[in-house]
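# Topology and contacts: notes
Given next are the chains, with one letter for each unit.
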Amino acid sequence: MGAKYDLIVSMMRRNFLRSALEMIVDVGFLILGITILTFIFQNQPFDRPVIGALILAVGVLDFADFFTWQYATKMRSIQSLIAAVLNVALGVVILSVHNMDPKIMCIIWGACSVAFSITKIITCIVNITYQPLINGAKIILNILEIVFSIILMIRTINAIPSHMLFLAISLIVEAFILFIEFIINHNQKL
């Protein structure tokens, strides 16, 4: 009887921690999206430290999001974990290199975003049968991210405001869809 009770308590603790992490990721995406929109509406410039911090924050949230997935999904999605770590590294590089030319920063940022988006699309295609809503939405958002990233590489500094507007909207949409998935998954467990 004691071993069954310990197992149940352990499972409840894991489910609580996982649910808490899911909500942290969801709220984090929403806060980032609203922060970017606030910058846009206040006509604040997106300089190198702000861009680096935003890239770093998105990478950290993507990294945390990986640990909210089911074990089988994680095993099929290691490439997304690697992309999240590289996104964190890109944010750190942009934050730490003080004399980086803004045009070079835009080209590097755009090229990395294209690579990360392709990785995320592959992950979503592999997992679409398990969570069609979130993976279908992520495929569409990542295809749009590739388009905006190519524009960022071509127009460099002039494309930053439109790229940031897209990033804000996509983060808010992803937060909304993650919340719907959270509700659906937890209602199915009840």
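In what follows, the accompanying structure is described. (Residues numbered from 1 in each chain as written. Predicted model: local features only at pLDDT ≥ 70, side-chain atom pairs only at ≥ 80, totals over all residues. Heavy atoms only, no water.)

### Focus: the overall build of the protein
Scanning the protein from terminus to terminus reveals 7 helices and 0 strands. In sequence order, the protein lays out its α and β elements as α-α-α-α-α-α-α. The C-alpha radius of gyration of the protein comes to 18 Å, within 12% of the 16 Å expected for a compact globule of 190 residues. With respect to the three principal axes, the spread of C-alpha positions in the protein is 65 × 30 × 30 Å. By residue count, 41% of the 190 residues in the protein fall in the buried class. In the protein, of all internal contacts separated by at least 6 residues, the share reaching a separation of at least 24 is 75%. Summed over all atoms, the accessible surface of the protein reaches about 10,500 Å², with 75% contributed by carbon and sulfur. Charged side chains of the protein number 12 positive and 10 negative; the gap between the two group centres comes to 6 Å. (Helix = DSSP H or I, 4+ residues; strand = E, 2+ residues; numbered from the N terminus. Rg over C-alpha atoms; globule rule 2.2 N^0.38 Å. Buried < 20%, exposed > 50% of the residue type's maximum accessible area, 1.4 Å probe, protein only. Contact = heavy atoms within 4.5 Å. Areas by Shrake-Rupley, 256 points an atom, 1.4 Å probe, with all protein chains shown as cover. Lys, Arg positive; Asp, Glu negative; His and termini not counted. Charge placed at Lys NZ, Arg CZ, Asp CG, Glu CD.)

### So, the environment of Ala84
You can see Ala84 is positioned in helix 4 (residues 78-96). For Ala84, the residues in contact, after removing those within four places along its chain, are Gly59, Asp62 and Phe63.

### Focus: a nonpolar patch on the surface
A surface patch of nonpolar side chains, about 360 Å² in accessible area, is lined by Met75, Ile78, Ile82 and Leu86. The dominant element in the nonpolar patch, judged by the number of residues it contributes, is helix 4, at 3 residues. Structurally, Met75 can be placed in helix 3 (residues 71-76). (Patch = residues over 30% accessible without salt bridge, like charges linked within 9 Å, V, L, I, M, F, W, Y side chains within 5 Å. Salt bridge = Lys/Arg side-chain N within 4 Å of Asp/Glu carboxyl O.)

### Points about the pattern of salt bridges
Close approach of charged atoms allows side chains of opposite charge to pair. Following the criterion strictly, the structure yields 4 salt bridges and no others. One salt bridge connects Asp65 with Lys138, and the closest N-O pair in it is separated by 3.5 Å. You can see Asp65 sitting in helix 2 (residues 48-66) and its partner Lys138 sitting in helix 6 (residues 132-155), a full 73 residues away along the chain. Each member of the pair, Asp65 together with Lys138, is buried. The shortest N-O distance in the salt bridge between Glu174 and Lys138 comes to 3.8 Å.

### Looking at helix 2
An α-helical turn contains 3.6 residues, so a residue and the one three or four places further along point in the same direction. Look at helix 2: 27 Å from first C-alpha to last across 19 residues, which is about the 27 Å you get at 1.5 Å a residue. Those residues of helix 2 that fall on the buried side of the exposure criterion are Arg48, Ile51, Gly52, Leu54, Ile55, Val58, Gly59, Leu61, Asp62, Ala64, Asp65 and Phe66. (Expected span 1.5 Å × (residues − 1).)

### Some words on the side chain of Ser149
Structurally, the position occupied by Ser149 is in helix 6. The class of Ser149 is buried, set by a relative accessible area of 0%. Only 2.7 Å separates the side chain of Ser149 from the backbone oxygen of Glu145, close enough to count as a polar contact. In contact with Ser149, not counting residues within four places along its chain, are Gly110, Ser113, Val114 and His163. (Polar contact = N/O pair within 3.5 Å; in protein donor to acceptor, adjacent residues only side chain to side chain.)

That's the geometry; what it means functionally is another story.
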